[in-house]
Amino acid sequence: MTAMVLALAAMLPGPAVAQAQPDGAIAAVIGDQLADFTARDLDGAFDHASRTIRRIFGSPENFGRMVEQGYPMVWDNAEARYLDLREQGGVWWQRVLLRDARGVPHVLEYKMIETEDGWRIDGVALLAEPDLGV
């Protein structure tokens with residue numbers, strides 16, 4: 001990890017319990033969805049969402065519109081670095097440092113659930129913006 005990533009990780013709220021990712025599958029699902037958004041493959045991005053998320057948005061187009069408007073750093077992502085992964089009550093939480101198209105860092109937390117079809121994203125929250133100083 002670079003010094004900046006370590007500094008950002010130290011600023012994150014809550015315990016930073018680093019664990020091995022279950023077969024790397026969680027990072028792979030998040031990475032695949034980020035690549036789908038970059039390619040504007042809404043069907044592919046929607047496939048990585050849980051049934052609950054798919055039910056809420058109803059279609060890949062609605063889902064894509066929400067991401068474009070509400071999570072522009074996900075829609076136009078340039079780089080992802082995986083921070084800590086923790087399990088709580090059977091749910092896995094993966095923190096990710098994303099750089100948007102302008103290179104601005106954002107820390108997001110992905111709620112991951114394991115289904116019969118593999119890992120799915122069951123929610124994403126933008127955490128407080130890191131104070132990087134100037």
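Each remark here, short or long, concerns the structure printed above.
Residues numbered from 1 in each chain as written. Predicted model: local features only at pLDDT ≥ 70, side-chain atom pairs only at ≥ 80, totals over all residues. Heavy atoms only, no water.

Draft legend 1. A look at the nonpolar core. Judged by nonpolar contacts, the single largest core of 23 residues is most densely connected at Ile30, Phe63, Val74, Leu98, Tyr110 and Met112. When residues of this core are traced back to their parent elements, those giving at least two are helix 2 (25-38), helix 3 (42-47), helix 5 (60-70), helix 6 (72-75), strand 2 (91-100), strand 3 (105-115) and strand 4 (118-126). Broken down by element, the residue count for this core peaks at five residues, all from helix 2. Setting aside anything within four residues of it in sequence, one finds Leu98 in contact with Leu34, Met73, Val74, Asn77, Glu79, Ala80, Val104, Pro105, His106, Leu108 and Tyr110. (Core = buried A, V, L, I, M, F, W, Y, C linked by side-chain atoms within 4.5 Å. Buried < 20%, exposed > 50% of the residue type's maximum accessible area, 1.4 Å probe, protein only. Helix = DSSP H or I, 4+ residues; strand = E, 2+ residues; numbered from the N terminus. Contact = heavy atoms within 4.5 Å.)

Draft legend 2. The arrangement of the layout of surface pockets in detail. Here the largest pocket is characterised by a volume of approximately 200 Å³. Taken together, 15 residues form the lining of the largest pocket, with Phe63, Met66, Val67, Gly123 and Val124 sitting closest to its centre. Of all the elements in the fold, those that place two or more residues in the lining of the largest pocket are helix 2, helix 4 (51-57), helix 5 and strand 4. For the lining of the largest pocket, the per-class residue count stands at twelve nonpolar, two polar and one charged. (1 Å grid on protein atoms, 1.4 Å probe; cavity = no way out; pocket = protein on both sides within 12 Å on 5 of 7 lines; lining within 4 Å. Points joined across faces, edges and corners; volume = space filled by probe spheres on them. Nonpolar A, V, L, I, M, F, W, Y, C, P; charged D, E, K, R; others polar.)

Draft legend 3. The arrangement of the pairing of strand 3 in detail. The pairing of strand 2 with strand 3 spans eight bridges and is antiparallel. Bridge pairing in strand 3 links Leu97 to Val107. Where strand 2 hands over to strand 3, the hairpin turn is made up of four residues, of which Gly103 adopts a positive phi near 90°. Alignment of strand 3 against strand 4, held across eight bridges, turns out to be antiparallel. Paired with Leu108 across the strands is Leu126, a residue of strand 4. (Pairing = 2+ DSSP bridges.)

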